[in-house]
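# Notes for the structure review
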Amino acid sequence: MNFNKEEIHMKKSTSYGDAGFSNFIKMAFQRHLGYDEQDFNKPIIGIANTYSEINRCHSHVQPMVQAIKHGIIMAGGIPLEFPTISVGEMFTSPTTMLYRNLVAMDTEEMITAQPIDGVVLIGGCDKMAPAQLMGAASANKPAILFTGGPMDNGEYNGKTLGACSDCRFFWQEYQGGTVDEKEINEINEQLAPTAGHCMVMGSASTIASCAEALGMMLPGAAAAPATVNERLRLAKETGKAIVHLVEKDIRPSDIMTEKAFDNAVRTLMAIGGSTNAVIHLIAIARRLGINLTLDRFDELSKTTPFLANLRPAGEYQMKEFYYAGGVPVVLKELSPLLHLDERTVTGETLKDNLASTWRNPTYDHVIRPYEAPLYEEGGIAVLKGNLSPNGSVIKPKAIVNERFLKHKGKAVVFTSLEDMEKRVNDPDLEVDENSVLVLQNAGPVGAPGMPEAGMIPIPKKLLKEGVRDMVRLSDCRMSGTAFGTVILHVAPEAAVGGPIGLIRDGDWIELDVANRKLALLVSDEVLAERKNAWHAPETAPENKRGYKWLYRRHVLQADEGCDFDFALPEGKETMELTTA
Ligand code: FES
């Protein structure tokens, strides 16, 4: 063996300033792994495995990882599994969003540093797939996403249950006194009945669906439940596909083009997906130097029919979506609006992938035909005005009380998460059903990490009077499984001096979704006075050091994707935002 031979595979390895020695030592350790000369020129495929017992949405993925490995070997590659950070929604404090960028950095650096030719990313819970796609975009080695799939439906008393729309719905009813202690405990037992991630069209399923539309997942891979055999077959096919991507040298930048992002945004609108996907898609696009803006989301929303009847905006869940044909059927229906020549991880175009897809009319109640949509417009609207000059978002079809689509109400302001928790159920709180609940200082810098607190709890005393929706407004996010008249991602946020921080109790706020308007009805003079008197909120000591310090210093605003400024491609750190 000539250790100085250039063509030896995996030649990029630890540098000792002596290429021959580097190859010599590397081969010793390849043998240590059980490989020999005949393997040295095969494609090496990394599997970024996010299996974790704490991230329970990923705790079932090991058999799928084995199936991916089988696929890689069948296609002539060598699989090498490695761990990356794994964060799950339920057990990560204060919020997974604080760590999305850390996962993205971990993923990018491991893909870049390790001698792999391509990578399979194991996603699932809300922030994992976006982070992995951000990392893969920057690393730009051939990559493919695979998720553990959604849970099967829960059931209580003959009614289908879905995590976590029903976690929220029944908790609200419990607080309002219509569900008793025994019932809420029985419901709790059935909310997460099988392996998998949340089974409504929440953030996890939304991102998986958008990734499929982007071309980064195999057709059908987003919707197949964690519990069906097809997921193992899809895992095996994913293993084969990544080897072919490496052989053809098809990279994330070849797949995730500007047009592919349009396809993903239209899909988001047609499935009534999570508002979180807006932030994530912007972040992934910007990693590739693509300036995806809130204006583009609104433009595409206005011209995309709402097709999928899925909770929390509709009636059904991922299991029914899967049997209705899942994302491929949505894409087929949206075909007249899509860029069909975009390349995907199959190595083929979207058009090729959809050639044999057809909509089964039996499931028209789950996925509507293009010509007879649920609604004429897509599921997310972008609002602007003096209150959110850089934009904010709302899910009009998740509004419970439609009269709030156009509303004027007086502000009831909470200055922080802690303030909200302390006072929202205070019997003396001056609030009625027409009030606008405002939460300040819960944005990317303020919280920090922009938690999912945007579905501000309706005060208990109003719940008991039968109130089930109110206008709520914040600079944070809400879970993709949440619902109500909830205005989110107000930018710029309060903690960096945004107008949302200037709202005071009793100010009038106007919302007009049809006209995309969100206004604080206070004169410019008064706002200027308040701005002069404004000072940034105190920073807690634990946020002044380490990762949280880095995060607060470098995180971008919601309309910019909440990525780190230094993670964007050189020269793209200050992209001109059409939303500004
Ligand atoms: Fe992981 Fe909902 S908790 S997807």
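Residues numbered from 1 in each chain as written. Predicted model: local features only at pLDDT ≥ 70, side-chain atom pairs only at ≥ 80, totals over all residues.

With an unreviewed UniProt entry as reference, the protein chain is termed Dihydroxy-acid dehydratase, source organism Oceanobacillus bengalensis. Word for word, the UniProt comment on the protein chain under Sequence similarities (unreviewed entry) is "Belongs to the IlvD/Edd family." (UniProt positions renumbered as here; feature names shortened; annotations may be inferred.)

## Considering the overall build of the protein chain
Of regular secondary structure, the protein chain possesses 19 helices and 14 strands. Computed over the C-alpha atoms, the radius of gyration of the protein chain is 24 Å, within 12% of the 25 Å expected from 2.2 N^0.38 for a compact globule of 580 residues. Counting only C-alpha atoms and orienting by the principal axes, one finds that the protein chain spans roughly 80 × 55 × 45 Å. Within the span of the protein chain, comprising 580 residues, buried residues form 54% of the whole. Considering only contacts within the protein chain whose residues lie at least 6 apart along the sequence, 78% involve residues at least 24 apart. (Helix = DSSP H or I, 4+ residues; strand = E, 2+ residues; numbered from the N terminus. Rg over C-alpha atoms; globule rule 2.2 N^0.38 Å. Buried ≥ 20, exposed ≤ 12 C-beta atoms within 10 Å, placed from the backbone. Contact = placed C-beta atoms within 7 Å.)

## A look at the packing of helix H10 (residues 258-271) against helix H11 (residues 276-287)
It is the contact of H10 with H11, at a shortest axis distance of 11 Å, that shows an interaxial angle of 175 degrees. The angle between H10 and H11 places the two elements in the roughly antiparallel class. Here Phe261, Ala264, Val265 and Leu268 of H10 come into contact with H11, specifically with Ala277, Leu281 and Ala285. Across the contact of H10 with H11, the residue classes break down as seven nonpolar, no polar and no charged. (Axes fitted to C-alpha atoms, helices over the stretch in contact; angles between N-to-C directions. Parallel < 35°, antiparallel > 145°, perpendicular 65-115°, else oblique. Nonpolar A, V, L, I, M, F, W, Y, C, P; charged D, E, K, R; others polar.)

## A word on the packing of helix H3 (residues 97-113) against helix H4 (residues 128-139)
Across the interface, H3 lies against H4 with an axial gap of 7 Å and an inter-helix angle of 40 degrees. One finds that H3 runs oblique with respect to H4. Note on packing geometry: the crossing formed by H3 with H4 is right-handed. Between H3 and H4, the contacting residues are Arg100, Val103, Ala104, Thr107, Glu108, Ile111 and Thr112 on the first element and Met128, Pro130, Ala131, Gln132, Met134, Gly135, Ala136, Ser138 and Ala139 on the second. When its residues are assigned to classes, the contact of H3 with H4 shows nine nonpolar, five polar and two charged. (Left-handed = near helix turned anticlockwise from the far one by under 90°.)

## As for the sheet that holds strand S1 (residues 44-49)
Reading across from one edge, S2-S1-S3-S4 is the order of the four strands in this open sheet, with parallel pairing throughout. The open sheet has two edge strands with one neighbour each: strand S2 (78-83) and strand S4 (143-147). With direction set aside, neighbouring strand axes in the sheet form an average angle of 25 degrees. Bridging between S1 and strand S3 (residues 118-123) involves four bridges; their strand directions are parallel. Residue pairing in the sheet places Ile47 in a bridge with Val120 of S3. (Pairing = 2+ DSSP bridges.)

## Side note on the nonpolar core
By size, the foremost hydrophobic cluster in this structure holds 170 residues, and its most contacted members are Ala211 and Leu281. Not counting the four nearest positions on each side in its chain, Ala211 is found in contact with Ala129, Leu133, Leu145, Met216, Met217 and Ala222. (Core = buried A, V, L, I, M, F, W, Y, C linked by C-beta atoms within 7 Å.)

## Concerning the UniProt feature "domain: Dihydroxy-acid/6-phosphogluconate dehydratase C-terminal" (unreviewed entry) in the protein chain
Sites flagged by UniProt as "domain: Dihydroxy-acid/6-phosphogluconate dehydratase C-terminal" (unreviewed entry) map to residues 366-562. Span residues 366-562 is 16% helix and 18% strand, its end C-alpha atoms 33 Å apart.

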